[in-house]
Amino acid sequence: MHICLQIPQVLALIFEYLREEEDDEALANLATTCKTFSHPALDALWYTQLSLFNLLKCFPEHIWGLRDNPYHGECTLFFRTRPKVEDYERIKLYASRIRILGDDKAGAENQVDDMVYSVLLSRQSTSGLYLPRLHTTFFDINRFIGQAIYPRFITGQLRNLHSVTFTGNSDSGILEVLDEYWDNIAAVFSIYLPHLYVFEVKVLSRDAYRRWDVLCVKSLFCAFRGLKTLNVGRVTLTPDVLAHLATVSTLTTLVFAALSKDLEASGNLLSISGAYSGLESLGIFTDSSRGCGVFLSHLDLCRLMNLAITHSEDGRWDLDDIISNLRTPNLESLYLRKSGTRDIHPALLPLPFTSSMLDSLLRISTLTELRITFDLALNLNKDDILAIAATWPHLQTLCLPDNRIDTETSLTFRDLLPLIQHCKDLEFLTIRVDFQHNSIPCFSQTGDLGSLELLRDLDFCTSPLWPHADELAILIPLLFPNLRQLNISKFYSLYGTINNHLPHLESLNREAWRNVIKRLKPLGIRSY
(Lines give C-alpha, C1' and ligand atoms only; values in the text may rest on other atoms or scores of the structure.)
Protein backbone atom coordinates (compact mmCIF):
# COMPACT_ATOMS: atom_id res chain seq x y z
CA MET A 1 0.00 0.00 0.00
CA HIS A 2 1.27 3.47 -0.86
CA ILE A 3 2.47 5.44 2.15
CA CYS A 4 0.05 8.31 1.36
CA LEU A 5 -2.91 5.99 1.98
CA GLN A 6 -1.60 5.34 5.49
CA ILE A 7 -1.92 9.00 6.51
CA PRO A 8 -5.16 9.40 8.57
CA GLN A 9 -5.81 12.96 7.28
CA VAL A 10 -5.62 11.82 3.66
CA LEU A 11 -7.96 8.89 4.30
CA ALA A 12 -10.39 11.20 6.09
CA LEU A 13 -10.60 13.47 3.03
CA ILE A 14 -11.15 10.50 0.68
CA PHE A 15 -13.91 8.95 2.77
CA GLU A 16 -15.57 12.32 3.41
CA TYR A 17 -15.76 12.87 -0.34
CA LEU A 18 -17.33 9.43 -0.87
CA ARG A 19 -19.81 10.11 1.93
CA GLU A 20 -20.87 13.44 0.41
CA GLU A 21 -21.28 11.71 -2.95
CA GLU A 22 -23.43 9.06 -1.21
CA ASP A 23 -21.32 6.29 -2.73
CA ASP A 24 -22.26 3.64 -0.16
CA GLU A 25 -21.15 0.78 -2.38
CA ALA A 26 -17.58 2.11 -2.59
CA LEU A 27 -17.48 2.72 1.17
CA ALA A 28 -18.72 -0.82 1.90
CA ASN A 29 -16.06 -2.29 -0.39
CA LEU A 30 -13.31 -0.22 1.22
CA ALA A 31 -14.48 -1.20 4.71
CA THR A 32 -13.76 -4.85 3.86
CA THR A 33 -10.47 -4.23 2.04
CA CYS A 34 -8.03 -3.95 4.96
CA LYS A 35 -7.80 -2.87 8.60
CA THR A 36 -6.37 0.53 7.65
CA PHE A 37 -9.47 1.39 5.64
CA SER A 38 -12.04 -0.37 7.82
CA HIS A 39 -12.47 2.13 10.66
CA PRO A 40 -12.72 5.39 8.63
CA ALA A 41 -14.84 3.71 5.94
CA LEU A 42 -17.36 2.43 8.49
CA ASP A 43 -17.49 5.87 10.11
CA ALA A 44 -18.39 7.42 6.77
CA LEU A 45 -20.86 4.65 5.87
CA TRP A 46 -22.83 5.03 9.11
CA TYR A 47 -22.42 8.82 9.46
CA THR A 48 -25.99 9.53 8.28
CA GLN A 49 -28.96 7.20 8.80
CA LEU A 50 -32.54 7.95 7.78
CA SER A 51 -33.79 5.96 10.77
CA LEU A 52 -32.65 3.14 13.04
CA PHE A 53 -33.89 0.66 10.43
CA ASN A 54 -30.45 -0.40 9.13
CA LEU A 55 -28.93 -0.45 12.60
CA LEU A 56 -31.59 -2.77 14.00
CA LYS A 57 -31.09 -5.17 11.09
CA CYS A 58 -27.69 -5.88 12.64
CA PHE A 59 -29.45 -7.93 15.31
CA PRO A 60 -29.41 -11.69 14.65
CA GLU A 61 -31.96 -12.52 11.94
CA HIS A 62 -34.17 -14.64 14.21
CA ILE A 63 -34.96 -11.54 16.32
CA TRP A 64 -36.47 -9.27 13.70
CA GLY A 65 -38.74 -9.48 10.67
CA LEU A 66 -40.11 -7.22 7.93
CA ARG A 67 -43.75 -6.42 7.31
CA ASP A 68 -44.70 -5.01 3.90
CA ASN A 69 -46.96 -1.99 3.62
CA PRO A 70 -48.95 -2.54 0.40
CA TYR A 71 -50.27 1.03 0.31
CA HIS A 72 -46.97 2.91 0.53
CA GLY A 73 -44.49 0.37 -0.83
CA GLU A 74 -42.29 0.44 2.27
CA CYS A 75 -41.28 -2.10 4.90
CA THR A 76 -41.69 -1.94 8.66
CA LEU A 77 -39.22 -3.70 10.93
CA PHE A 78 -40.65 -5.51 13.97
CA PHE A 79 -39.30 -7.79 16.70
CA ARG A 80 -40.18 -11.49 16.74
CA THR A 81 -38.66 -11.86 20.20
CA ARG A 82 -36.77 -9.79 22.78
CA PRO A 83 -33.04 -9.42 22.11
CA LYS A 84 -30.66 -10.74 24.75
CA VAL A 85 -27.81 -8.75 26.24
CA GLU A 86 -25.22 -10.49 24.07
CA ASP A 87 -27.24 -9.63 20.93
CA TYR A 88 -26.39 -5.95 21.38
CA GLU A 89 -22.63 -6.30 20.83
CA ARG A 90 -22.76 -5.86 17.05
CA ILE A 91 -25.32 -3.06 17.40
CA LYS A 92 -23.00 -1.06 19.67
CA LEU A 93 -20.19 -1.37 17.12
CA TYR A 94 -22.16 0.64 14.56
CA ALA A 95 -24.38 2.81 16.82
CA SER A 96 -21.36 4.79 18.00
CA ARG A 97 -20.65 5.85 14.41
CA ILE A 98 -24.02 7.54 13.72
CA ARG A 99 -23.79 11.36 13.69
CA ILE A 100 -26.99 12.35 11.83
CA LEU A 101 -30.34 10.60 12.29
CA GLY A 102 -33.22 11.30 9.88
CA ASP A 103 -33.56 13.54 6.82
CA ASP A 104 -35.48 16.60 5.66
CA LYS A 105 -38.37 14.64 4.18
CA ALA A 106 -41.52 13.57 5.99
CA GLY A 107 -40.79 9.92 6.61
CA ALA A 108 -38.11 7.54 5.46
CA GLU A 109 -38.60 4.78 2.95
CA ASN A 110 -38.50 1.99 5.54
CA GLN A 111 -39.81 2.33 9.06
CA VAL A 112 -39.44 0.79 12.51
CA ASP A 113 -42.45 -0.42 14.48
CA ASP A 114 -43.07 1.76 17.54
CA MET A 115 -43.06 -1.33 19.78
CA VAL A 116 -39.40 -1.88 18.87
CA TYR A 117 -38.45 1.42 20.49
CA SER A 118 -40.37 0.45 23.58
CA VAL A 119 -38.52 -2.88 23.84
CA LEU A 120 -35.15 -1.22 23.32
CA LEU A 121 -35.84 1.36 26.00
CA SER A 122 -36.99 -1.25 28.50
CA ARG A 123 -33.60 -3.00 28.26
CA GLN A 124 -31.47 0.14 28.14
CA SER A 125 -30.19 -0.16 31.70
CA THR A 126 -28.68 -3.59 31.00
CA SER A 127 -27.95 -3.68 27.28
CA GLY A 128 -27.41 0.04 26.63
CA LEU A 129 -28.31 0.98 23.07
CA TYR A 130 -26.88 4.51 22.86
CA LEU A 131 -25.97 7.01 20.14
CA PRO A 132 -23.01 8.68 21.85
CA ARG A 133 -21.79 10.74 18.88
CA LEU A 134 -25.14 11.91 17.50
CA HIS A 135 -25.18 15.68 16.95
CA THR A 136 -28.08 16.17 14.48
CA THR A 137 -31.56 14.65 14.37
CA PHE A 138 -34.71 15.22 12.33
CA PHE A 139 -37.95 14.99 14.30
CA ASP A 140 -41.13 13.99 12.43
CA ILE A 141 -44.23 15.05 14.36
CA ASN A 142 -46.37 12.71 12.26
CA ARG A 143 -44.50 9.75 13.78
CA PHE A 144 -44.20 11.25 17.23
CA ILE A 145 -44.78 8.11 19.31
CA GLY A 146 -41.71 6.25 18.08
CA GLN A 147 -39.44 9.23 17.56
CA ALA A 148 -40.22 10.62 21.01
CA ILE A 149 -37.99 7.86 22.36
CA TYR A 150 -35.01 8.86 20.18
CA PRO A 151 -33.55 11.33 22.72
CA ARG A 152 -33.40 8.57 25.37
CA PHE A 153 -30.68 6.93 23.26
CA ILE A 154 -28.59 10.10 23.00
CA THR A 155 -25.70 10.38 25.44
CA GLY A 156 -23.71 13.11 23.67
CA GLN A 157 -24.66 16.76 23.19
CA LEU A 158 -27.34 17.20 20.55
CA ARG A 159 -26.55 20.43 18.69
CA ASN A 160 -28.87 20.48 15.65
CA LEU A 161 -32.60 19.73 15.80
CA HIS A 162 -34.64 19.79 12.59
CA SER A 163 -38.39 19.26 12.89
CA VAL A 164 -40.04 17.97 9.70
CA THR A 165 -43.81 18.04 9.37
CA PHE A 166 -46.19 17.23 6.56
CA THR A 167 -49.50 18.95 7.30
CA GLY A 168 -51.57 17.63 4.43
CA ASN A 169 -54.90 19.27 3.63
CA SER A 170 -56.84 21.43 6.04
CA ASP A 171 -59.52 18.77 6.37
CA SER A 172 -57.09 15.95 7.20
CA GLY A 173 -57.45 16.34 10.95
CA ILE A 174 -53.86 17.49 11.40
CA LEU A 175 -55.05 20.70 13.04
CA GLU A 176 -55.99 18.63 16.08
CA VAL A 177 -52.35 17.82 16.83
CA LEU A 178 -50.75 21.15 15.89
CA ASP A 179 -51.69 22.65 19.25
CA GLU A 180 -49.59 19.96 20.93
CA TYR A 181 -46.67 20.37 18.54
CA TRP A 182 -44.52 22.74 20.58
CA ASP A 183 -45.34 21.05 23.87
CA ASN A 184 -44.21 17.71 22.45
CA ILE A 185 -40.89 19.12 21.25
CA ALA A 186 -40.30 20.87 24.58
CA ALA A 187 -41.13 17.73 26.55
CA VAL A 188 -38.94 15.41 24.51
CA PHE A 189 -35.93 17.64 23.91
CA SER A 190 -36.11 19.86 27.01
CA ILE A 191 -32.63 18.99 28.28
CA TYR A 192 -31.08 19.73 24.88
CA LEU A 193 -32.83 23.02 24.02
CA PRO A 194 -30.43 25.31 25.94
CA HIS A 195 -27.46 23.66 24.20
CA LEU A 196 -28.78 23.67 20.62
CA TYR A 197 -26.87 25.45 17.88
CA VAL A 198 -29.55 24.91 15.19
CA PHE A 199 -33.34 24.65 15.49
CA GLU A 200 -35.33 24.33 12.28
CA VAL A 201 -38.97 23.61 11.47
CA LYS A 202 -39.64 22.44 7.94
CA VAL A 203 -43.32 22.22 6.98
CA LEU A 204 -43.92 20.33 3.74
CA SER A 205 -46.99 22.32 2.82
CA ARG A 206 -46.98 25.58 0.87
CA ASP A 207 -49.68 27.41 2.85
CA ALA A 208 -49.15 25.87 6.27
CA TYR A 209 -47.81 29.06 7.84
CA ARG A 210 -51.26 30.62 7.55
CA ARG A 211 -52.58 28.08 10.03
CA TRP A 212 -49.77 28.33 12.54
CA ASP A 213 -50.24 31.84 13.84
CA VAL A 214 -52.37 30.65 16.80
CA LEU A 215 -49.60 28.50 18.27
CA CYS A 216 -47.85 29.62 21.42
CA VAL A 217 -44.14 29.25 20.82
CA LYS A 218 -42.80 31.58 23.49
CA SER A 219 -42.32 28.88 26.15
CA LEU A 220 -40.22 26.80 23.76
CA PHE A 221 -38.11 29.62 22.39
CA CYS A 222 -37.36 31.00 25.84
CA ALA A 223 -35.30 27.85 26.49
CA PHE A 224 -32.76 28.78 23.81
CA ARG A 225 -29.47 30.06 25.19
CA GLY A 226 -26.63 29.41 22.76
CA LEU A 227 -28.69 29.13 19.56
CA LYS A 228 -26.92 30.18 16.34
CA THR A 229 -29.50 29.29 13.66
CA LEU A 230 -33.31 29.51 14.01
CA ASN A 231 -35.21 28.61 10.83
CA VAL A 232 -38.98 28.71 11.38
CA GLY A 233 -40.18 30.24 8.13
CA ARG A 234 -43.62 28.62 8.46
CA VAL A 235 -44.14 29.74 12.06
CA THR A 236 -45.75 33.11 12.69
CA LEU A 237 -43.93 34.83 15.55
CA THR A 238 -45.46 37.44 17.84
CA PRO A 239 -43.82 40.71 19.02
CA ASP A 240 -42.92 39.34 22.46
CA VAL A 241 -41.21 36.29 20.94
CA LEU A 242 -39.23 38.51 18.57
CA ALA A 243 -38.27 40.71 21.51
CA HIS A 244 -36.97 37.68 23.41
CA LEU A 245 -34.98 36.38 20.46
CA ALA A 246 -33.25 39.77 20.25
CA THR A 247 -31.63 38.93 23.60
CA VAL A 248 -30.04 35.71 22.27
CA SER A 249 -26.65 37.21 21.52
CA THR A 250 -25.34 34.08 19.78
CA LEU A 251 -28.02 34.13 17.05
CA THR A 252 -26.48 34.59 13.57
CA THR A 253 -29.23 33.20 11.28
CA LEU A 254 -32.95 33.90 11.71
CA VAL A 255 -35.80 32.92 9.37
CA PHE A 256 -39.41 33.46 10.49
CA ALA A 257 -42.93 34.54 9.47
CA ALA A 258 -44.83 37.48 10.94
CA LEU A 259 -47.85 39.62 10.21
CA SER A 260 -47.08 43.15 9.11
CA LYS A 261 -48.77 44.67 12.17
CA ASP A 262 -46.67 42.47 14.46
CA LEU A 263 -43.48 43.47 12.68
CA GLU A 264 -44.38 47.10 13.13
CA ALA A 265 -45.10 46.56 16.83
CA SER A 266 -41.87 44.59 17.19
CA GLY A 267 -39.89 47.43 15.65
CA ASN A 268 -41.08 49.77 18.39
CA LEU A 269 -40.17 47.19 21.07
CA LEU A 270 -36.73 46.61 19.59
CA SER A 271 -35.60 50.22 19.42
CA ILE A 272 -32.82 49.37 21.86
CA SER A 273 -29.11 49.40 21.22
CA GLY A 274 -27.71 46.14 19.87
CA ALA A 275 -31.01 44.40 18.94
CA TYR A 276 -30.11 41.52 16.61
CA SER A 277 -26.67 43.06 16.14
CA GLY A 278 -25.08 39.61 15.69
CA LEU A 279 -27.29 38.54 12.77
CA GLU A 280 -25.52 37.58 9.56
CA SER A 281 -28.54 36.12 7.70
CA LEU A 282 -32.20 37.20 8.02
CA GLY A 283 -35.27 35.82 6.25
CA ILE A 284 -38.81 37.18 6.71
CA PHE A 285 -42.15 35.89 5.41
CA THR A 286 -44.80 38.60 5.72
CA ASP A 287 -47.97 40.00 4.18
CA SER A 288 -47.04 43.66 3.72
CA SER A 289 -43.98 45.75 3.02
CA ARG A 290 -44.82 48.57 5.45
CA GLY A 291 -44.40 46.60 8.67
CA CYS A 292 -41.27 44.98 7.32
CA GLY A 293 -39.75 48.37 6.59
CA VAL A 294 -40.52 49.63 10.11
CA PHE A 295 -39.02 46.46 11.61
CA LEU A 296 -35.80 46.81 9.62
CA SER A 297 -35.44 50.50 10.40
CA HIS A 298 -35.21 49.78 14.14
CA LEU A 299 -32.57 47.07 13.95
CA ASP A 300 -28.82 47.38 14.24
CA LEU A 301 -27.83 45.06 11.40
CA CYS A 302 -24.21 46.05 11.04
CA ARG A 303 -23.11 42.43 10.51
CA LEU A 304 -25.95 41.34 8.21
CA MET A 305 -24.71 39.81 4.96
CA ASN A 306 -27.82 38.01 3.63
CA LEU A 307 -31.39 39.35 3.61
CA ALA A 308 -34.37 37.53 2.05
CA ILE A 309 -37.93 38.88 2.29
CA THR A 310 -40.89 36.90 0.97
CA HIS A 311 -44.27 38.41 0.14
CA SER A 312 -46.73 35.75 1.29
CA GLU A 313 -50.06 37.32 0.35
CA ASP A 314 -51.84 38.58 -2.77
CA GLY A 315 -51.72 42.25 -3.65
CA ARG A 316 -49.03 44.82 -4.38
CA TRP A 317 -45.94 45.81 -2.45
CA ASP A 318 -44.05 49.05 -2.25
CA LEU A 319 -40.43 48.00 -2.62
CA ASP A 320 -39.32 51.43 -1.45
CA ASP A 321 -40.63 50.60 2.05
CA ILE A 322 -37.91 47.98 2.32
CA ILE A 323 -35.10 49.44 0.24
CA SER A 324 -35.19 52.90 1.87
CA ASN A 325 -35.03 51.37 5.37
CA LEU A 326 -32.00 49.16 4.88
CA ARG A 327 -29.27 49.91 7.45
CA THR A 328 -26.93 47.15 6.36
CA PRO A 329 -23.48 48.45 5.40
CA ASN A 330 -22.06 44.94 4.88
CA LEU A 331 -24.96 43.37 2.97
CA GLU A 332 -23.85 40.95 0.26
CA SER A 333 -27.13 39.31 -0.81
CA LEU A 334 -30.61 40.85 -1.13
CA TYR A 335 -33.46 38.57 -2.24
CA LEU A 336 -37.02 39.96 -2.56
CA ARG A 337 -39.46 37.31 -3.70
CA LYS A 338 -43.14 36.45 -3.95
CA SER A 339 -44.24 33.01 -2.84
CA GLY A 340 -46.49 30.87 -5.01
CA THR A 341 -47.31 31.60 -8.64
CA ARG A 342 -46.95 34.96 -10.33
CA ASP A 343 -50.10 37.11 -10.41
CA ILE A 344 -51.49 37.60 -13.92
CA HIS A 345 -54.57 39.68 -13.09
CA PRO A 346 -54.63 42.81 -15.30
CA ALA A 347 -55.57 44.98 -12.31
CA LEU A 348 -52.31 44.16 -10.54
CA LEU A 349 -49.78 46.48 -12.13
CA PRO A 350 -46.10 45.54 -11.99
CA LEU A 351 -44.02 46.97 -9.18
CA PRO A 352 -41.97 49.97 -10.26
CA PHE A 353 -38.22 49.72 -9.85
CA THR A 354 -36.86 53.20 -10.34
CA SER A 355 -33.52 54.99 -10.40
CA SER A 356 -34.19 56.42 -6.93
CA MET A 357 -34.59 52.89 -5.51
CA LEU A 358 -31.37 51.87 -7.18
CA ASP A 359 -29.61 54.91 -5.70
CA SER A 360 -30.65 53.72 -2.23
CA LEU A 361 -29.19 50.28 -2.92
CA LEU A 362 -25.98 51.71 -4.35
CA ARG A 363 -25.14 53.00 -0.88
CA ILE A 364 -24.37 49.34 -0.06
CA SER A 365 -21.13 48.88 -1.96
CA THR A 366 -20.62 45.27 -0.79
CA LEU A 367 -23.63 43.78 -2.64
CA THR A 368 -22.81 40.74 -4.78
CA GLU A 369 -26.35 39.37 -5.28
CA LEU A 370 -29.51 41.35 -6.08
CA ARG A 371 -32.43 39.06 -6.84
CA ILE A 372 -36.02 40.30 -7.19
CA THR A 373 -38.64 37.85 -8.44
CA PHE A 374 -41.68 40.14 -8.44
CA ASP A 375 -43.09 41.41 -11.72
CA LEU A 376 -41.25 44.69 -12.13
CA ALA A 377 -41.73 47.76 -14.26
CA LEU A 378 -38.04 48.33 -14.83
CA ASN A 379 -37.52 52.07 -15.21
CA LEU A 380 -33.74 52.16 -15.46
CA ASN A 381 -31.49 53.86 -17.98
CA LYS A 382 -27.95 53.71 -19.29
CA ASP A 383 -26.55 55.76 -16.39
CA ASP A 384 -28.08 53.30 -13.90
CA ILE A 385 -26.28 50.37 -15.53
CA LEU A 386 -23.03 52.36 -15.46
CA ALA A 387 -23.56 52.99 -11.74
CA ILE A 388 -24.22 49.29 -11.08
CA ALA A 389 -21.04 48.29 -12.89
CA ALA A 390 -18.97 50.91 -11.06
CA THR A 391 -20.37 50.27 -7.56
CA TRP A 392 -20.68 46.48 -7.66
CA PRO A 393 -17.73 45.19 -9.71
CA HIS A 394 -17.93 41.83 -7.90
CA LEU A 395 -21.62 41.32 -8.63
CA GLN A 396 -22.48 37.64 -9.11
CA THR A 397 -26.28 37.72 -9.50
CA LEU A 398 -28.45 40.48 -10.95
CA CYS A 399 -32.12 39.54 -11.31
CA LEU A 400 -34.51 42.35 -12.33
CA PRO A 401 -37.38 40.67 -14.23
CA ASP A 402 -39.61 42.80 -16.43
CA ASN A 403 -42.21 40.75 -18.34
CA ARG A 404 -44.20 43.55 -19.95
CA ILE A 405 -44.58 43.52 -23.72
CA ASP A 406 -46.81 46.53 -24.36
CA THR A 407 -44.30 49.01 -22.93
CA GLU A 408 -40.91 49.79 -24.40
CA THR A 409 -37.75 49.69 -22.30
CA SER A 410 -35.13 52.40 -22.48
CA LEU A 411 -32.30 49.90 -22.00
CA THR A 412 -30.51 48.69 -25.09
CA PHE A 413 -28.06 45.88 -25.57
CA ARG A 414 -25.29 48.45 -25.92
CA ASP A 415 -26.18 49.71 -22.42
CA LEU A 416 -25.27 46.30 -20.99
CA LEU A 417 -21.66 46.59 -22.13
CA PRO A 418 -20.46 48.11 -18.81
CA LEU A 419 -21.74 45.00 -17.02
CA ILE A 420 -19.94 42.77 -19.51
CA GLN A 421 -16.70 44.71 -19.27
CA HIS A 422 -16.52 45.36 -15.51
CA CYS A 423 -18.61 42.74 -13.63
CA LYS A 424 -16.44 39.74 -14.42
CA ASP A 425 -17.86 37.63 -11.54
CA LEU A 426 -21.42 37.73 -12.92
CA GLU A 427 -22.98 34.25 -13.07
CA PHE A 428 -26.75 34.94 -13.29
CA LEU A 429 -28.34 37.82 -15.17
CA THR A 430 -32.05 38.60 -15.65
CA ILE A 431 -32.97 41.82 -17.42
CA ARG A 432 -35.13 43.15 -20.28
CA VAL A 433 -33.51 45.12 -23.07
CA ASP A 434 -34.60 46.45 -26.46
CA PHE A 435 -32.99 44.64 -29.40
CA GLN A 436 -35.70 45.72 -31.82
CA HIS A 437 -35.30 49.48 -32.13
CA ASN A 438 -31.58 49.66 -31.45
CA SER A 439 -29.18 47.66 -33.55
CA ILE A 440 -26.85 45.24 -31.82
CA PRO A 441 -23.29 46.70 -31.66
CA CYS A 442 -20.58 45.12 -33.77
CA PHE A 443 -16.80 45.05 -33.45
CA SER A 444 -16.26 47.83 -36.00
CA GLN A 445 -18.35 50.15 -33.84
CA THR A 446 -17.07 49.35 -30.37
CA GLY A 447 -13.88 47.31 -30.71
CA ASP A 448 -13.48 44.37 -28.34
CA LEU A 449 -16.76 43.97 -26.46
CA GLY A 450 -15.22 41.80 -23.77
CA SER A 451 -16.84 38.67 -22.37
CA LEU A 452 -18.32 37.20 -19.19
CA GLU A 453 -16.49 33.93 -18.68
CA LEU A 454 -18.47 32.93 -15.55
CA LEU A 455 -22.00 33.68 -16.77
CA ARG A 456 -24.06 30.48 -16.68
CA ASP A 457 -27.71 31.61 -16.67
CA LEU A 458 -29.12 34.44 -18.80
CA ASP A 459 -32.77 35.53 -18.87
CA PHE A 460 -33.84 38.25 -21.29
CA CYS A 461 -37.48 38.22 -20.07
CA THR A 462 -39.69 39.55 -22.90
CA SER A 463 -37.00 41.53 -24.70
CA PRO A 464 -38.17 42.50 -28.21
CA LEU A 465 -35.73 40.94 -30.67
CA TRP A 466 -37.15 40.94 -34.23
CA PRO A 467 -35.51 41.47 -36.72
CA HIS A 468 -32.04 40.98 -35.16
CA ALA A 469 -32.11 37.26 -34.28
CA ASP A 470 -29.12 36.31 -36.43
CA GLU A 471 -26.85 39.01 -34.99
CA LEU A 472 -27.67 38.05 -31.40
CA ALA A 473 -27.24 34.31 -32.04
CA ILE A 474 -23.69 34.98 -33.28
CA LEU A 475 -22.85 37.42 -30.47
CA ILE A 476 -24.02 35.33 -27.49
CA PRO A 477 -21.28 32.63 -27.71
CA LEU A 478 -18.65 35.39 -28.02
CA LEU A 479 -19.87 37.41 -25.05
CA PHE A 480 -20.88 34.46 -22.85
CA PRO A 481 -18.61 31.54 -23.83
CA ASN A 482 -19.66 29.31 -20.93
CA LEU A 483 -23.41 30.01 -21.00
CA ARG A 484 -25.54 26.98 -20.15
CA GLN A 485 -29.08 28.39 -19.86
CA LEU A 486 -30.86 31.04 -21.98
CA ASN A 487 -34.37 31.80 -20.75
CA ILE A 488 -37.14 33.80 -22.37
CA SER A 489 -40.45 34.63 -20.66
CA LYS A 490 -43.77 33.89 -22.30
CA PHE A 491 -45.02 36.63 -24.59
CA TYR A 492 -48.36 37.79 -23.29
CA SER A 493 -49.78 41.09 -22.15
CA LEU A 494 -50.74 41.56 -18.53
CA TYR A 495 -50.77 45.28 -18.10
CA GLY A 496 -52.14 48.35 -19.82
CA THR A 497 -53.94 48.65 -23.13
CA ILE A 498 -53.03 46.24 -25.88
CA ASN A 499 -52.28 47.91 -29.21
CA ASN A 500 -53.80 46.47 -32.36
CA HIS A 501 -50.37 45.62 -33.81
CA LEU A 502 -49.18 43.90 -30.63
CA PRO A 503 -50.28 40.31 -31.48
CA HIS A 504 -48.31 40.54 -34.74
CA LEU A 505 -45.18 41.77 -32.90
CA GLU A 506 -45.59 39.03 -30.35
CA SER A 507 -45.56 36.43 -33.10
CA LEU A 508 -42.48 37.95 -34.74
CA ASN A 509 -40.56 38.16 -31.47
CA ARG A 510 -41.53 34.66 -30.46
CA GLU A 511 -40.30 33.30 -33.78
CA ALA A 512 -37.08 35.33 -33.55
CA TRP A 513 -36.23 33.94 -30.12
CA ARG A 514 -37.11 30.45 -31.30
CA ASN A 515 -34.53 30.80 -34.08
CA VAL A 516 -31.87 32.02 -31.64
CA ILE A 517 -32.49 29.10 -29.29
CA LYS A 518 -32.40 26.64 -32.18
CA ARG A 519 -29.02 27.93 -33.36
CA LEU A 520 -27.54 27.83 -29.85
CA LYS A 521 -28.78 24.35 -28.98
CA PRO A 522 -25.84 22.50 -30.64
CA LEU A 523 -23.52 24.48 -28.31
CA GLY A 524 -25.13 22.88 -25.26
CA ILE A 525 -27.15 25.97 -24.29
CA ARG A 526 -30.52 24.91 -22.88
CA SER A 527 -33.71 26.93 -22.77
CA TYR A 528 -37.24 26.74 -21.43
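Just above sits the structure.
Described below are features of the structure shown in this document. Predicted, not measured: the structure shown is a model, and the values here were computed from it. (Residues numbered from 1 in each chain as written. Predicted model: local features only at pLDDT ≥ 70, side-chain atom pairs only at ≥ 80, totals over all residues. Heavy atoms only, no water.)

Okay, the overall build of the chain next. Scanning the chain from terminus to terminus reveals 20 helices and 20 strands. The proportion of buried residues among the 528 residues of the chain is 49%. (Helix = DSSP H or I, 4+ residues; strand = E, 2+ residues; numbered from the N terminus. Buried < 20%, exposed > 50% of the residue type's maximum accessible area, 1.4 Å probe, protein only.)

What follows concerns a nonpolar patch on the surface. On the surface, Ile7, Val10 and Ile14 cluster together to form a nonpolar patch covering roughly 190 Å² of accessible area. By the element assignment, Ile7 lies in the segment before helix H1 (8-20). (Patch = residues over 30% accessible without salt bridge, like charges linked within 9 Å, V, L, I, M, F, W, Y side chains within 5 Å. Areas by Shrake-Rupley, 256 points an atom, 1.4 Å probe, with all protein chains shown as cover. Salt bridge = Lys/Arg side-chain N within 4 Å of Asp/Glu carboxyl O.)

Here we come to empty space enclosed by the protein. This model, assessed by the stated rule, comprises one cavity of 30 Å³ or more. Its volume calculated, the largest cavity comes out at about 40 Å³. For the largest cavity, the full set of lining residues is Phe413, Leu416, Leu419, Ile420, Leu429, Leu452, Phe460 and Phe480. Residues belonging to the lining of the largest cavity are distributed by class as follows: eight nonpolar, no polar and no charged. (1 Å grid on protein atoms, 1.4 Å probe; cavity = no way out; pocket = protein on both sides within 12 Å on 5 of 7 lines; lining within 4 Å. Points joined across faces, edges and corners; volume = space filled by probe spheres on them. Nonpolar A, V, L, I, M, F, W, Y, C, P; charged D, E, K, R; others polar.)

The next subject is a negative patch on the surface. On the surface, a cluster of negative charge is made up of Glu16, Glu20, Glu21, Glu22, Asp23, Asp24 and Glu25. Those elements giving two or more residues to the negative patch turn out to be H1 and helix H2 (24-31). Position of Glu16 among the secondary structure elements: in helix H1. (Lys, Arg positive; Asp, Glu negative; His and termini not counted. Charge placed at Lys NZ, Arg CZ, Asp CG, Glu CD.)

Per the counting criterion, the structure on display carries 11 aromatic pairs. Ring geometry for Phe435 against Phe460: centres 5.2 Å apart, planes inclined by 90°, an arrangement best described as edge-to-face. With Phe435 in the loop between strand E18 (428-430) and helix H18 (443-446) and Phe460 in the loop between strand E19 (457-459) and helix H19 (469-479), this pair connects stretches of sequence that are 25 residues apart. As far as burial versus exposure is concerned, Phe435 and Phe460 are alike and both buried. Both rings, one in Phe435 and one in Trp513, keep their centres 5.9 Å apart while their planes meet at 75°; by these two values the pair is edge-to-face. Placement of the pair is Phe435 in the loop between E18 and H18 and Trp513 in helix H20 (residues 502-520), with a sequence separation of 78 residues. Since its relative accessible area comes to 0%, Phe435 is described here as buried. Using a relative accessible area of 2% as the deciding quantity, one classes Trp513 as buried. Here a set of aromatic residues connected by ring pairs shows up, and it is made of Phe413, Phe435, Phe460 and Trp513. (Phe/Tyr/Trp six-rings, centres within 6.5 Å; stacked < 30°, edge-to-face > 60°.)

Across the interface, helix H12 (residues 260-269) lies against helix H13 (residues 289-297) with an axial gap of 7 Å and an inter-helix angle of 20°. The orientation of H12 with respect to H13, classified from their angle, is roughly parallel. The two elements H12 and H13 cross, and the hand of that crossing is left-handed. Contacts between H12 and H13 pair Ser260, Leu263, Glu264, Ser266 and Gly267 from the former with Arg290, Gly291, Cys292, Val294 and Phe295 from the latter. (Axes fitted to C-alpha atoms, helices over the stretch in contact; angles between N-to-C directions. Parallel < 35°, antiparallel > 145°, perpendicular 65-115°, else oblique. Left-handed = near helix turned anticlockwise from the far one by under 90°. Contact = heavy atoms within 4.5 Å.)

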